[in-house]
Amino acid sequence: MLGLDVSSSSVKLVELGRDKSGNLVLESCAIVPLERGWITEGNVEKFDEVADAVRRLVKKSGTKTKNVAMALPPSAVITKKIVLPGGLSDQELETQVESEANQYIPFPLDEVSLDFCIVGPTPNATGDVEVLIAASRREKVQDIQGLAEAAGLKPVIIDVESYASRLAASRLIGNMPNKGAGSIVALFEVGAMTTSMQVIRDDALLYDRDQAFGGAQLTQMIVRQYGFSVEEAESKKRRGELPDDYSTVVLKPFVESLVQEIGRALQFFFTSTTHNKVDMVMLAGGSAALPGLTEAVTQQTTFACMLANPFDGMEVADTIKLSKMTREAPSYLTSCGLALRRFV
């Protein structure tokens, strides 16, 4: 099964397998950029153009696999944990979930796609179970399913982007001392328009927050400084073909702004919870690999900071260009989490 991540700035694909010893193998990965405005705030505005980009992505990756896991942005999904009696049959559980869902979902149930899973016994374990409900407007689900189908793929899982990125991050957290047990990790995904923060401890989400700040700001700064069009600025930024003074005049101020945003988000976390420190800041997303960013975050916040490479510790197929994959790795966190759904 492929992991296909459709974001506002690009479409990304990851395919994972296992070798004879059970180790994960990165079999294929590819990115195709999207033009601004094709997808805005999670809505597919230019369906044919995005579907064409997905077709090009599949071709570029060289994969023959058809089954695909995709995800919706958290803003398009309502999630709620409820408590139900243990020992119900599947049928009884479904009936209970539907009647509970009515209270939390502001749309008629026949207009939504609804799913649920049993998380486990309730913390006070009185024989009850915690059940996670997830629901989204049916048209949102059909939109992204349609993109996959237009590219000849078969969507088998629709996840939530933040859940997929947490799944990929949990592999990396497991490499920390003591397998990451009890460690508080602040995961920042720097997208084109939004930087999203999730604070995780032992696979549980302690806090999350989105900020309207991302890589598109860097593109705008390049446009203002050098008079390029947005498209020129984007492609020159990707290829590293910017004027000699770029790193001091444009990149450094952008990195400083991004570090301030990260510091501010951490302060929000500390003031809204009983916590006052994190063990690790993890950076992912298209702008995470900017030169000097991880060092600047550590300097500003005093917390250890690492770049998320979701392929860390995996075998890599011969067909993959290592230098390109390593450079782009932080962009693949969500698509890698989706590809991991094959094994969980």
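Preceding this section is the structure that the text describes.
Residues numbered from 1 in each chain as written. Predicted model: local features only at pLDDT ≥ 70, side-chain atom pairs only at ≥ 80, totals over all residues. Heavy atoms only, no water.

### Examining the packing of aromatic side chains
With the rule as written, the count across this model stands at six aromatic pairs. A centroid spacing of 5.6 Å and a plane angle of 15° characterise the contact between Phe 213 and Phe 254, whose relative ring orientation is stacked. Residue Phe 213 is located in the loop between strand S13 (204-211) and helix H5 (215-226), and its partner Phe 254 is located in helix H7 (residues 246-272); the two are separated by 41 residues in the primary sequence. Taking the relative accessible area as the measure of exposure, Phe 213 reaches 9% and is therefore buried. When its relative accessible area of 1% is taken as the criterion, Phe 254 is described as buried. Seen from their ring centres, Phe 311 and Tyr 332 are 5.5 Å apart, and the 50° between their planes marks the pair as tilted. Of this pair, Phe 311 sits in the loop between strand S15 (305-307) and strand S16 (315-316) while Tyr 332 sits in the loop between helix H9 (322-328) and helix H10 (333-340), and the two are 21 residues apart along the sequence. Given a relative accessible area of 3%, Phe 311 falls into the buried group. With relative accessibility at 1%, the residue Tyr 332 sits in the buried group. Through a chain of ring-to-ring contacts, three or more aromatic side chains come together here, namely Tyr 207, Phe 269, Phe 270 and Phe 303. (Phe/Tyr/Trp six-rings, centres within 6.5 Å; stacked < 30°, edge-to-face > 60°. Helix = DSSP H or I, 4+ residues; strand = E, 2+ residues; numbered from the N terminus. Buried < 20%, exposed > 50% of the residue type's maximum accessible area, 1.4 Å probe, protein only.)

### Details of the nonpolar core
Residues Phe 188, Leu 266, Val 278, Val 281 and Leu 283 are the most contacted members of the largest nonpolar core, which totals 36 residues. Looking at this core, the elements with two or more residues in it are strand S11 (184-190), strand S12 (195-201), H5, H7, strand S14 (280-284) and helix H8 (293-301). The contact partners of Leu 266, leaving out residues within four places of it in the chain, are Ala 186, Phe 188, Met 197, Val 278, Val 281, Thr 301 and Phe 303. Counting residues in hydrophobic clusters, the runner-up holds 29 residues, among them Ile 39, Val 68, Ile 144 and Val 160. (Core = buried A, V, L, I, M, F, W, Y, C linked by side-chain atoms within 4.5 Å. Contact = heavy atoms within 4.5 Å.)

### A look at the sheet that holds S11
On the basis of which strands lie adjacent, the open sheet formed by five strands has the order S13-S12-S11-S14-S15 and mixed pairing. Of all strands in the sheet, those with a lone pairing partner are S13 and S15, marking the two edges. Pairwise comparison of adjacent strand axes, ignoring direction, gives a mean angle of 20° for this sheet. Judged from the five bridges that link them, S11 and S14 form a sheet pairing that is parallel. Along S14, the bridge assignment pairs Glu 189 with Ala 284. The strands touched by helix H4 (residues 161-173) are S11, S12, S13 and S14; relative to S12, the strand with the most contacts, the crossing angle is about 50°. (Pairing = 2+ DSSP bridges. Axes fitted to C-alpha atoms, helices over the stretch in contact; angles between N-to-C directions.)

### Considering the environment of Val 14
Residue position: Val 14 is located in strand S2 (residues 10-18). The spacing of Val 14 and Cys 336 is 322 residues in sequence and 5.7 Å in space, taken between C-alpha atoms. Once residues lying within four places of it in the same chain are set aside, the contact partners of Val 14 are Leu 2, Gly 3, Leu 26, Ser 28, Cys 29, Phe 311, Tyr 332, Ser 335, Cys 336 and Ala 339.

### Focus on a negative patch on the surface
Side chains of Glu 35, Asp 48, Glu 49, Glu 231 and Glu 232 sit close together on the surface and give a patch of like negative charge. Inspection of the secondary structure assignment puts Glu 231 in helix H6 (residues 230-239). (Patch = residues over 30% accessible without salt bridge, like charges linked within 9 Å, V, L, I, M, F, W, Y side chains within 5 Å. Areas by Shrake-Rupley, 256 points an atom, 1.4 Å probe, with all protein chains shown as cover. Salt bridge = Lys/Arg side-chain N within 4 Å of Asp/Glu carboxyl O. Lys, Arg positive; Asp, Glu negative; His and termini not counted. Charge placed at Lys NZ, Arg CZ, Asp CG, Glu CD.)

### A word on the packing of helix H1 (residues 47-61) against helix H3 (residues 138-150)
In contact at an axis separation of 8 Å, H1 and H3 are set at 50° when each is read in the N-to-C sense. Put simply, H1 runs oblique to H3. For the element pair H1 and H3, the recorded crossing hand is right-handed. Listed contacts from H3 to Phe 47, Val 50, Ala 51, Val 54 and Arg 55 of H1 are Asp 143, Gly 146, Leu 147 and Ala 150. Partitioning the contact of H1 with H3 into residue classes produces six nonpolar, one polar and two charged. (Parallel < 35°, antiparallel > 145°, perpendicular 65-115°, else oblique. Left-handed = near helix turned anticlockwise from the far one by under 90°. Nonpolar A, V, L, I, M, F, W, Y, C, P; charged D, E, K, R; others polar.)

### Section: H1
Every α-helical turn comprises 3.6 residues, leaving residues that sit three or four positions apart pointing alike. End to end, H1 covers 21 Å across 15 residues, agreeing with the expected 21 Å (1.5 Å per residue, within 8%). Buried residues in H1 make contact with strand S1 (2-6), S2, strand S3 (24-33), strand S4 (39-40), strand S5 (43-44) and H3. Looking at the residues trailing H1, positive phi occurs at Gly 62, about 80°. (Expected span 1.5 Å × (residues − 1).)

That's the geometry; what it means functionally is another story.
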